[in-house]
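Chain by chain, the residues:
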Amino acid sequence: MKELIVARSAGFCFGVSRSVEMAEKLLSEHGKCLSLGELIHNEDVVGKLSEKGLRVITEPSQAASGDRVIIRAHGISKAVYDELEAIGACITDATCPKVKAIHKIVSRAGEEGRTVFVIGMKNHPEVEAIRGWCDECFVFENAEELRLWSDNNQSYWTKPITVVVQTTQTRSNFNECCDFIKKRCTNAKISDTICTATFTRQEEAQSIASQCDSMVVIGGKHSANSIHLAQICAEKCSDVQFIERLDELDVQRLDGYDTVGLTAGASTPAWIIKEVRNKMDEMKVNTAEETKELSFDEMLEGTLKTIYNGDKVTGLVVAITGTEISVDLGTKYSGFIPTSEFTDDGIKVEDVIKVGDTIEAVVVRVNDVEGTAQLSKKRLDAAKMWNDVENAVEDGTVLEGTVVEENKGGVVVNVKGVRVFVPASQTDLPKEAELGQLLKQVVRLKITEVNKARKRVVGSIRRVAQAERRERTEALWNEMEIGKKFHGVVKSLTSYGAFVDIGGIDGMVHVSELSWGRIHQPSEVLSVGDEVDVYVINFDREKRKISLGYKDPNGNPWTLFTNKYSVGDVAQVKIVKLMPFGAFAEVLDGVDGLIHISQIANRRIGKPEDVLTVGDVVDAKITAVDEDKHKISLSIRALSEPAPVAEAVEEEVEETAEGDALVYEVSEDGTASGVAPEADAE
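Residues numbered from 1 in each chain as written. Predicted model: local features only at pLDDT ≥ 70, side-chain atom pairs only at ≥ 80, totals over all residues. Heavy atoms only, no water.

### Some details on the overall build of the protein
Looking only at helices and strands, one finds 16 helices and 34 strands in the protein. Out of the 682 residues belonging to the protein, those deemed buried represent 43%. Summarising the internal contacts of the protein: among those between residues at least 6 apart in sequence, 64% fall at separations of at least 24. Roughly 35500 Å² of accessible area belongs to the protein as shown, and the carbon and sulfur atoms make up 46% of that amount. (Helix = DSSP H or I, 4+ residues; strand = E, 2+ residues; numbered from the N terminus. Buried < 20%, exposed > 50% of the residue type's maximum accessible area, 1.4 Å probe, protein only. Contact = heavy atoms within 4.5 Å. Areas by Shrake-Rupley, 256 points an atom, 1.4 Å probe, with all protein chains shown as cover.)

Written out as structure tokens, the structure reads:
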């Protein structure tokens, strides 16, 4: 053997270590006590405790009133607990806090009328204890058992189900069972109750086994977590020895292997691990590195290291649930950070942090009873941020934060945990604007004042906004050219046009550029706040003036008319205005033509309204088009049947009236210029 890789997580977990310490303390104070079942799944540890006065019993009835009874780490059912109390035993509860948490979950489920599913080993002490804290309960060892049972019990598919998992189960087995339950059951609540230390131990064992030619797993043959460790290693390594102590190690099997790995279950004491490790070390081809043994001893001692509130710690993210992130600190404490620290403003925790990431945090609260340490990344980030905030005053750095509160006279911005007050005058909002509209918005600001003693920080959003506007304005002017298109927002309306913000610069769209049709006010086309696409017609860089166009050049009604009609064509037109000399008719939207009074009917009429009414839709012949002045002459008479000749006078009139229609000119106010042919005849 050339190399030995030892798992950092090997040995007692917190729950086992806690129960052993409680038993030793009880024995040292009272000389003897009872254990309901083996305290942990390790004969050597149980044997040593027996020598000090610990006696194992299997039934509560074996205890008498006044006996001191310690409840093992696996826990007991509520019925057994009640029986011990009824006998009058003095109970010391060494149940692992992680297991206790499961008891609370299933107990609450029973109160809510929910059926409990336990993913775990049947008849295992921990699982049996869990079953004793709820009403209706079923235990499944794997997904296949679940499938077979559910096929025969379809009534449970819609029932309320609470799912928990034995603390020492493998993650893969639990996930496989959960996937099935989610597909089959419509009302299931799933709690991931796998112990963080167990998960870490399994992950590390899998990683080491994949690198080694042979693996040695130390643990009790009845220990669930040790059995799972051996199974996990066997999936990655073809040669695995599962032993309880040194005398079971087959050293000859290790001969010829280059790399060998060593791990141990949660109930394996440090002295057994050390004995096995030392024996394996003797077999190494190169034993010059004496520091490795010292390093291993230090790792074992490190698992008992105490941490305190306020300590800065570094750990490995080993699990992420809906409520907390579990962190391996390399100590006897299991660290956790509430997921709420990572999910501000709807952010998903999995987008911020992942299993396997290294994370720095500060210790907020240590729970020696449960062996947990609540951590906070936000507080550590805030402490670091103070230095950045102080430096930002000097160098003018622009910082980013979220507006979290409307305060008297301003708003509060959270900049990575540091509260920055921004006065109303520095928010970049108009004087009468509501400050509440900034809530939950991400803003950029400069720090203008810092008083660390008073924890007061003042900032300005306005300074940044003004600087950014100046930069955008200069950039726009540098890129300005006739015909360039912009997407803007209508800022204000006047009688002569609309002002549009095109990204920091206001340009004007004249009323004549708003529509191809006739409009009286810009408000007929646009409203303040509208988003519009405009283009540059002209600009003066020195005077900072821009003329913008809004109507689409491709939509020019005259172009549309000339593309569709020619002189001699017949068009369906709408009468829009009546004048003494004739009627104006709309040929296309935005294009009008004149039907002279002489061209309205095939007989003489006194005035246009004798025949036509505004709104009438009639057919008319296009008799003349002035391309330069965009004028059109129309004739209804040209499409009419000739009137019967009654008198010579009428014939003469008809002959006089015959001829081409007049091509007229109309001023902007609608006044026609020129004289009709009949007027000349008179």
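### With respect to empty space enclosed by the protein
The rolling of a water-molecule-sized probe over the atoms marks out the regions of remaining empty space. Using the criterion set out here, one finds three cavities of 30 Å³ or more in the structure. Considering only enclosed or pocket space, the largest cavity measures out at about 240 Å³ in volume. Taken together, 20 residues make up the lining of the largest cavity; nearest its centre are V16, H74, E126, T167 and T168. Mapped by element, the contributors of at least two residues to the lining of the largest cavity are α1 (14–30) and α9 (224–236). Residue composition of the lining of the largest cavity, grouped by class: nine nonpolar, ten polar and one charged. Considered as a void within the structure, the second largest cavity measures approximately 40 Å³ in volume. (1 Å grid on protein atoms, 1.4 Å probe; cavity = no way out; pocket = protein on both sides within 12 Å on 5 of 7 lines; lining within 4 Å. Points joined across faces, edges and corners; volume = space filled by probe spheres on them. Nonpolar A, V, L, I, M, F, W, Y, C, P; charged D, E, K, R; others polar.)

### Looking at the packing of aromatic side chains
On inspection of all chains with the given rule, the structure shows eleven aromatic pairs. Look at F117 and F138: their rings are 6.3 Å apart centre to centre, the planes differ by 85°, and that puts the pair in the edge-to-face class. Of this pair, F117 sits in strand β6 (residues 115–119) while F138 is found in strand β7 (residues 137–140), placing the two residues 21 residues apart along the sequence. Where F561 meets Y565, the ring centres are 5.6 Å apart and the plane angle is 35°; that geometry is what we call tilted. Aromatic rings pair up to connect F117, F138, F140, W149 and Y156 into one cluster. Between K159 and the ring centre of Y156, over which it is positioned, the NZ or CZ distance is 4.0 Å. Taking NZ or CZ as reference, K221 lies 4.9 Å from the ring centre of F242, over its face. (Phe/Tyr/Trp six-rings, centres within 6.5 Å; stacked < 30°, edge-to-face > 60°. Lys NZ or Arg CZ within 6 Å of the ring centre and 35° of its normal.)

### Observations regarding the packing of helix α6 (residues 143–152) against helix α7 (residues 171–184)
Contact pair α6 / α7: the axes reach a minimum separation of 9 Å and the direction vectors enclose 25°. By the angle class used here, α6 and α7 are roughly parallel. Helix-helix and strand crossings are classified by hand; for α6 and α7 the assignment is right-handed. Residues A143, L146, R147, S150 and D151 of α6 touch α7, and the partners they reach there are N173, E176, C177, F180, I181 and R184. Taken together, the residues of the contact of α6 with α7 sort by class into five nonpolar, two polar and four charged. (Axes fitted to C-alpha atoms, helices over the stretch in contact; angles between N-to-C directions. Parallel < 35°, antiparallel > 145°, perpendicular 65-115°, else oblique. Left-handed = near helix turned anticlockwise from the far one by under 90°.)

### A few points about the environment of P97
Relative to the helices and strands, P97 resides in helix α4 (residues 97–111). Sequence-wise, P97 and T372 are 275 residues apart; in three dimensions their C-alpha atoms are separated by 9.4 Å.

### Some remarks on the sheet that holds strand β4 (residues 68–71)
Read across the sheet, four strands follow the order β3-β2-β4-β5 without closing on themselves; strand pairing throughout is parallel. Edge positions in the open sheet fall to β3 (54–57) and β5 (90–93), since each of these has one partner strand only. The sheet shows a mean angle of 30° between the axes of neighbouring strands, direction not considered. Two strands pair when backbone bridges link them, and strand β2 (residues 33–36) and β3 are joined in this way by four bridges, in the parallel orientation. Across the sheet, the residue bridging to S35 is V56, located in β3. (Pairing = 2+ DSSP bridges.)

### Details of the packing of helix α8 (residues 196–209) against α9
Helices that pack against each other are described as a pair by the angle of their axes relative to one another and the distance between those axes. Their axes nearest at 8 Å, the elements α8 and α9 cross at an angle of 30°. When the axes of α8 and α9 are compared, the pair comes out roughly parallel. Of the two elements, α8 crosses α9, and the hand of that crossing is right-handed. On α9, the residues that touch R201, Q202, A205, Q206 and A209 of α8 are N225, H228, L229, I232, C233 and K236. Partitioning the contact of α8 with α9 into residue classes produces five nonpolar, four polar and two charged.

### Section: the nonpolar core
Core analysis: the largest hydrophobic core is formed by 28 residues, its most contacted members being M215, V216, I218, L262, V276 and M280. At the level of secondary structure, the elements contributing two or more residues to this core comprise β1 (3–6), α8, β10 (214–218), α9, β11 (240–243), β12 (259–264) and α10 (270–282). Setting aside its immediate chain neighbours within four residues, L262 contacts L4, I5, V6, A7, M215, V216, I218, I273, V276, R277 and M280. (Core = buried A, V, L, I, M, F, W, Y, C linked by side-chain atoms within 4.5 Å.)

### Some remarks on the pattern of salt bridges
Counting across every chain of the model gives 24 salt bridges. For the salt bridge of D44 with R245, the shortest nitrogen-to-oxygen distance reads 3.2 Å. With D44 in helix α2 (residues 43–51) and R245 in the loop between β11 and β12, this residue pair connects regions lying 201 residues apart in the sequence. Across the pair E468 and R444 runs a salt bridge, and its minimum N-O distance is 2.7 Å. Of this pair, E468 sits in helix α13 (residues 461–479) while R444 sits in strand β21 (residues 442–451), and the two are 24 residues apart along the sequence. Its relative accessible area of 25% is what places E468 among the partly exposed residues. Judged by its relative accessible area of 39%, R444 is partly exposed. Several salt bridges converge on common partners, so that one network encompasses E43, D44, K221, R245 and E248. (Salt bridge = Lys/Arg side-chain N within 4 Å of Asp/Glu carboxyl O.)

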